[in-house]
Amino acid sequence: MPSKPLIRHPSRWVFVAASVAVLGLSGCKSFGWGDKGEGPKGSPEQLYSEARRNLRSGNYQGAIQKYENLEARYPFSEQAKQGQLDLLYAYYKNHSLESAIDQADQFIRENPTHPRVDYAWYVKGLVYFESGANFLERVFKADITKRPPQEAQKSLQSFQILLQQYPKSPYAPDARQRIVYLRNRLADYELSVARYYMKRGAYVGAAARARGIIENYDGAPAVDEALMIMAEAYRKLGIDDLAASADKVRAANPYTVDPNAQQGYFASLTGSQAGASAQGGDPYAGPANRDGRWEALAGVSMQGSSTVDFEGGTTAKIDSGTSFVLGAGYNFTNRLRVGAQFGYDKKDYTANVVGDTPGESFELKGKLDSMSLMAEATYNILAGPLTPYVTGGLGWSWVDTNIATEPPTVGCWWVPWYGYVCEGYQNTKSLDGLAYEVGVGLRWDFNRYWTASGAYNMRWVELGNAKGTPSFDGFQLLVGWKF
């Protein structure tokens, strides 16, 4: 009796195998295999490629999520290893400073021989460097030398390790410059403590702090004053020989303050500006970089409505509107600017005009054009980049009511190319008068060249035949270019 075949319906298996093959081929396409070498969707290559795109486009939050997903799903892949460094940079750019420090420590601990571990040390030092002052302290140029410099000390240690272990790193030159700044910063803090001890009569502590500055921060500008404090402290303690020794050392090493010299490359920069410099930004030196520079200004002025009463009983209600402003000025100091402004606007108005016959009146509606030219002076309360200010101006205003005062006049002349050309002209009622204004505002110099300001201004114009002096108040928004 013949044996039964193991597969009674081979055609059915052939159909199943073919279906699996078709699904497999379509699946390859749906998962993205062969898409520019990025690998299937959800693969290490694909996740890393998407994270890099987010990082380059500035979507740091999206990049962080994808790098974290990559590290969680494929912790031993080459893409995850590179992604750890990219994630460190994404944390830094996203201002997630604690996460950036943790990521740097983890990478250094797990990859001590990695060829780019110097980058982890550099970013770690950079994060601590930029943690030295908060936003308001940087804006208002607060004196941070009196605050314990824990972040500066940690930043110094990271940069020193970078130079000791990787002296040929591409980040070494920038780290050296930052170390100069950080040493001066630490010396200044020790100096502030020594001053405090002297003020309180703790001469032993003052002498010890001054000696620490001399021993640990040789070459810092604070050393000169430290020698003075040490000598004075020893005199107060009755140790004249040590006081004389300190005076001799100071006399043999005179220190001259050069107002144009920087204390290292980052002496005049805040933490955030120094970080921008390291990444090719455009930081600016000095408190606000206004002194001795011209400014070109442009913006708008949004004026409220106003009512003007004229002699004889005529009243005009002028609607609110927006005027265009152009100006220029010269900064004699970081606080004082003198210049001029030109403004133009077109507003709707409604006038109730009194006629020649007693009791007669009629209503007019139209648009008026006004121009003004003002000499103005501005005083900034603070020398820093963010400052309140007061301003005042004096000039002349012209107002055209567009009300005809006589029949139109037509003039014609001969043009060789066109023949006779005729145009009409009609005189209109215009007013002009002395104008003066005062205002208060807030200014922000956000980089070397550009500034923005906003102010509330009150302007008065002495129009002819007007009762009193009408006022025109409003908000002014300006953008300036320093050159």
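Computed from a predicted structure; not experimentally measured.

## Quick word on the overall build of the chain
Part 1 of the argument: The secondary structure content of the chain amounts to 13 helices and twelve strands.
Part 2 of the argument: Of the contacts made within the chain by residues no fewer than 6 positions apart, 59% connect residues no fewer than 24 positions apart.
Part 3 of the argument: Of the accessible surface of the chain, which amounts to about 27600 Å², a share of 58% is contributed by carbon and sulfur atoms.

## Quick notes on unusual backbone geometry
Negative phi is the rule for most residues except glycine; trans is the rule for most peptide bonds.
Part 1 of the argument: Even without being a glycine, His-95 presents a positive backbone phi close to 65°.
Part 2 of the argument: Its place among the elements puts His-95 in the loop between helix 4 (78-93) and helix 5 (97-110).
Part 3 of the argument: Residue classification places His-95 among the exposed residues on the basis of a relative accessible area of 66%.

## Some words on the pattern of salt bridges
Part 1 of the argument: Per the stated rule, a full pass over the model turns up 19 salt bridges.
Part 2 of the argument: A salt bridge links Asp-105 to Lys-124, with the nearest nitrogen and oxygen atoms 2.7 Å apart. Note that Asp-105 is positioned in helix 5 and Lys-124 in helix 6 (residues 117-129), a separation of 19 residues in sequence.
Part 3 of the argument: Its relative accessible area of 14% is what places Lys-124 among the buried residues.
Part 4 of the argument: Asp-345 is the salt-bridge partner of Lys-347, the closest N and O atoms lying 3.9 Å from each other.
Part 5 of the argument: Given the relative accessible area of 5%, Lys-347 is considered buried.
Part 6 of the argument: The class of Asp-345 is buried, set by a relative accessible area of 6%.
Part 7 of the argument: Linked by salt bridges that have partners in common, Arg-290, Glu-295, Arg-337, Glu-376, Arg-443, Asp-445 and Lys-482 make up one network.

## Topic: helix 8 (residues 150-165)
Part 1 of the argument: Between the first and last C-alpha of helix 8 there are 23 Å, a value that for 16 residues agrees with the 22 Å anticipated at 1.5 Å per step.
Part 2 of the argument: Restricting attention to buried positions, one finds in helix 8 the residues Ala-152, Ser-155, Leu-156, Ser-158, Phe-159, Leu-162 and Leu-163. Projected onto a plane normal to the axis of helix 8, the buried residues spread over an arc of 165° and lie on a single side.

## Some words on the packing of aromatic side chains
Part 1 of the argument: Within this structure, the stated rule accounts for twelve aromatic pairs.
Part 2 of the argument: Judged by centre distance (5.5 Å) and plane angle (55°), the ring pair of Tyr-119 and Tyr-171 falls under tilted. Taken together, the positions of Tyr-119 in helix 6 and Tyr-171 in the loop between helix 8 and helix 9 (172-200) put the pair 52 residues apart, joining distant regions of the chain.
Part 3 of the argument: Taking relative accessible area as the criterion, Tyr-119 reaches 11% and is therefore assigned buried.
Part 4 of the argument: These aromatic residues form a ring-pair network of at least three members: Tyr-119, Tyr-122, Phe-159 and Tyr-171.
Part 5 of the argument: Over the ring of Phe-129 we find Arg-178, and its NZ or CZ is 4.7 Å from the ring centre.

## So, the packing of helix 10 (residues 203-216) against helix 11 (residues 222-237)
Part 1 of the argument: Running from amino to carboxyl end, helix 10 crosses helix 11 at an angle of 150°, the nearest separation of the two axes being 8 Å. On the basis of their axis angle, the class for helix 10 and helix 11 is roughly antiparallel. Where helix 10 crosses over helix 11, the handedness of that crossing is left-handed. In contact with Tyr-203, Val-204, Ala-206, Ala-207, Ala-210, Arg-211, Ile-213 and Ile-214 of helix 10, helix 11 contributes Ala-222, Val-223, Ala-226, Leu-227, Ile-229, Met-230, Ala-233, Tyr-234, Lys-236 and Leu-237.
Part 2 of the argument: Taken together, the residues of the contact of helix 10 with helix 11 break down into 16 nonpolar, no polar and two charged.

## Side note on the pairing of strand 4 (residues 321-331)
Part 1 of the argument: Burial along strand 4 is one-sided: the face carrying Gly-321, Ser-323, Val-325, Gly-327, Gly-329 and Asn-331 is buried and the face carrying Thr-322, Phe-324, Leu-326, Ala-328 and Tyr-330 is not.
Part 2 of the argument: Relative to strand 5 (residues 336-354), strand 4 is paired through eight bridges, and the arrangement is antiparallel. Pairing of Gly-327 across the sheet is with Gln-341, part of strand 5.
Part 3 of the argument: Remark: four residues form the turn of the hairpin made by strand 4 and strand 5, two consecutive strands paired antiparallel.

## Describing the packing of helix 9 against helix 10
Part 1 of the argument: At their nearest, the axes of helix 9 and helix 10 sit 8 Å apart, and the two run at 165° to each other. Judged on the interaxial angle alone, helix 10 and helix 9 are roughly antiparallel. As helix 9 runs across helix 10, the sense of the crossing is left-handed. Listed contacts from helix 10 to Arg-183, Ala-187, Glu-190, Leu-191, Val-193, Ala-194, Tyr-197 and Met-198 of helix 9 are Tyr-203, Gly-205, Ala-206, Arg-209, Ala-210, Ile-213 and Asn-216.
Part 2 of the argument: Across the contact of helix 9 with helix 10, the residue classes tally to ten nonpolar, two polar and three charged.

Scoring rules and cut-offs
Residues numbered from 1 in each chain as written. Predicted model: local features only at pLDDT ≥ 70, side-chain atom pairs only at ≥ 80, totals over all residues. Heavy atoms only, no water. Helix = DSSP H or I, 4+ residues; strand = E, 2+ residues; numbered from the N terminus. Contact = heavy atoms within 4.5 Å. Areas by Shrake-Rupley, 256 points an atom, 1.4 Å probe, with all protein chains shown as cover. Buried < 20%, exposed > 50% of the residue type's maximum accessible area, 1.4 Å probe, protein only. Salt bridge = Lys/Arg side-chain N within 4 Å of Asp/Glu carboxyl O. Expected span 1.5 Å × (residues − 1). Arc of directions from axis to C-beta. Phe/Tyr/Trp six-rings, centres within 6.5 Å; stacked < 30°, edge-to-face > 60°. Lys NZ or Arg CZ within 6 Å of the ring centre and 35° of its normal. Axes fitted to C-alpha atoms, helices over the stretch in contact; angles between N-to-C directions. Parallel < 35°, antiparallel > 145°, perpendicular 65-115°, else oblique. Left-handed = near helix turned anticlockwise from the far one by under 90°. Nonpolar A, V, L, I, M, F, W, Y, C, P; charged D, E, K, R; others polar. Pairing = 2+ DSSP bridges.

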